[in-house]
Amino acid sequence: MFERRRFLQTSLCAGISYLTYGGVAGADDAAVDAAPDYRLTRDVPTKLFDGKRCWSHPRAGIVRGAGRGGDPRVVMTMNTLDLSGSDVFKGVFGMQTDDLGKSWTAAAEMETLAPRIEDIKGQERPVALSDFWPKWHAKTKTLLGTGHTVVYTPEWKVTRPRPRHTAYAVYDPKQSQWKTWRKMDLSHDEKFNDAGAGCTQRFDLTDGTILLPLYFVPAGKNSHVTIARCGFDGTTLTYLENGTELYIDDKTRGLHEPSLTRFDGKYFLTIRNDKRGFITRSDDGQQFEPIQEWRFDDGQPLGNYNTQQHWVTHSDGLFLVYTRRGANNDHVFRHRAPLFMAQVDPQRLRVIRETERVLVPERGARLGNFGVTDISPDETWVTVSEWMQPKGVEKHGSDGSVYVARIHWAKPNGLV
């Protein structure tokens, strides 16, 4: 048994709190003992809740060298969520900081990322870019965002069954704006007629090849997951091939929102499912072991369900960010708050319970749609907004805040 020393301080600056974690005392688990220490700060650069809309899917990417003094520019994108319906995303907004979050531009609507009218089987329908995730592509020195499309009826209700495409866009740092979003061509195979990379965390190889997690719905089946190898030349994202097609036959909607990382020479894939989160592992990022349920190191189920999970990866430790049951949070939709982070045992594929920490506290609203960004060797950011549905969540204190939870590493992250 061990005890990680914890110190709590409250800043004099409104909206910021500091959590500092010291070393592990008396640990008998070598993996935990070697885990990188970190300090956590939180701030709220923007918020939106007017009874009709709130922010959703806030995720950030960096443009190296475009900020002040050689720092990266951090570019955040967010969807507006129409509170009158389900998953109604009528616009994409953006904001940026050139001084590592000391100041941000005001959130502005991005016309190039806006919904557009398309002909869908002979009918004109609104089609929105959603679940977007910007990430720096080192080989081409490009900020590339990936996500998927949502097709709506003229009344802005999600079309079911729906055509869906993997969508992407490229950021132009000279103009400080995104270029018009495009669709990756997957027309070679009918099984990809309903395929997207919404809310998925990709991994880029040093040669520029992109390992892009997709989830897709073959005709007559539930959702499957795979990793697509993609080429990217700074302008066009191109499908090359895909690896293992993972699925589950459990009378649920299947597998969704996979996120990929690499740690200590292995690839790790975390997956959403209606009933439980799943984990699997690979040597090459293409061929994966059978999936297994996420569990704590004591064998108990993690308690995550019907909600995405993502990775925080340091050269000295692998961490999972997630939500779960059992945290005095039965009043929160699908137990999607608070937002936790804990170290993962990469050999046993278990979450180490004693390392669990709250990244963002629970205030009634869900926190299940979030992103992770490696800002520098010293900082990793987790970005998330308070999703103000169902009606009344504000009585617990939520107000539509967008949080930037900054993980300040005590030892630089050698992977960045």
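About the thresholds
Per chain, residue numbering runs from 1 following the sequence as it is written. In keeping with the model being predicted, local features are shown solely for residues with a pLDDT of at least 70 and side-chain atom pairs are shown and tallied solely at 80 or more, while totals for entire chains, interfaces and linings include all residues. With hydrogens and water stripped out, all remaining heavy atoms of the structure feed into the side-chain values. When DSSP finds two or more bridges between a pair of strands, those strands are recorded as paired. Where helices and strands are cited, they refer to DSSP runs of H or I of at least four residues and of E of at least two residues respectively, numbered from the N terminus. Note on classification: 1.4 Å probe, protein chains only; a residue is buried when its accessible area is under 20% of the maximum for its type, exposed when over 50%, partly exposed between these limits. By definition in these notes, contact holds between two residues if any of their heavy atoms fall within 4.5 Å. How sure the predictor is of each residue is captured by pLDDT, a score from 0 to 100. Throughout this description, a polar contact denotes any pair of N or O atoms lying within 3.5 Å of each other; where both atoms belong to protein, one of them has to be capable of donating a hydrogen while the other can accept it, and for residues adjacent in sequence the pair is counted only when both atoms sit in side chains.

**Re the sheet that holds strand β5 (residues 73-82)**
Strands sit in the order β4-β5-β6-β7 across an open sheet of 4 strands; the sheet is antiparallel. Among the strands making up the open sheet, the edge pair consists of β4 (53-63) and β7 (108-109). Bridge count between strand β6 (residues 89-97) and β7: 2 bridges; the pairing is antiparallel. Directly across from Gly94, in β7, lies its bridge partner Ala108.

**Section: the environment of Ala66**
You can see Ala66 is positioned in the loop between β4 and β5. Overall, the relative accessible area of 23% leaves Ala66 in the partly exposed class. Setting aside its immediate chain neighbours within four residues, Ala66 contacts Asp71, Arg73 and Asp98.

**Some remarks on the confidence of the model for the protein**
Chain-level pLDDT for the protein is 92 on average; 92% of the residues reach the 70-or-more range. The low-confidence segment residues 1-28, where pLDDT is below 50, has 65 contacts with residues more than four positions distant or belonging to other chains.

**Details of the side chain of Asn306**
With respect to the helices and strands, the residue Asn306 is situated in the loop between β22 (292-293) and β23 (310-314). On the basis of relative accessibility, which here comes to 8%, the residue Asn306 falls in the buried class. Within the structure, Asn306 has its side chain in polar contact with the side chain of Arg253 (distance 2.9 Å). If sequence neighbours within four positions are ignored, Asn306 has contacts with Arg253, Arg272, Asn273, Asp274, Arg334 and Arg336.

**A short note on the side chain of Asn329**
With respect to the helices and strands, Asn329 occurs in the loop between β24 (317-322) and β25 (339-345). Here Arg324 takes part through its backbone oxygen, which lies 2.8 Å from a polar atom of the side chain of Asn329. Side-chain polar atoms of Asn329 contact the backbone oxygen of Ala337, separated by 2.8 Å. The residues touching Asn329, leaving out its near neighbours within four places in the chain, are Arg324, His335, Ala337 and Pro338.

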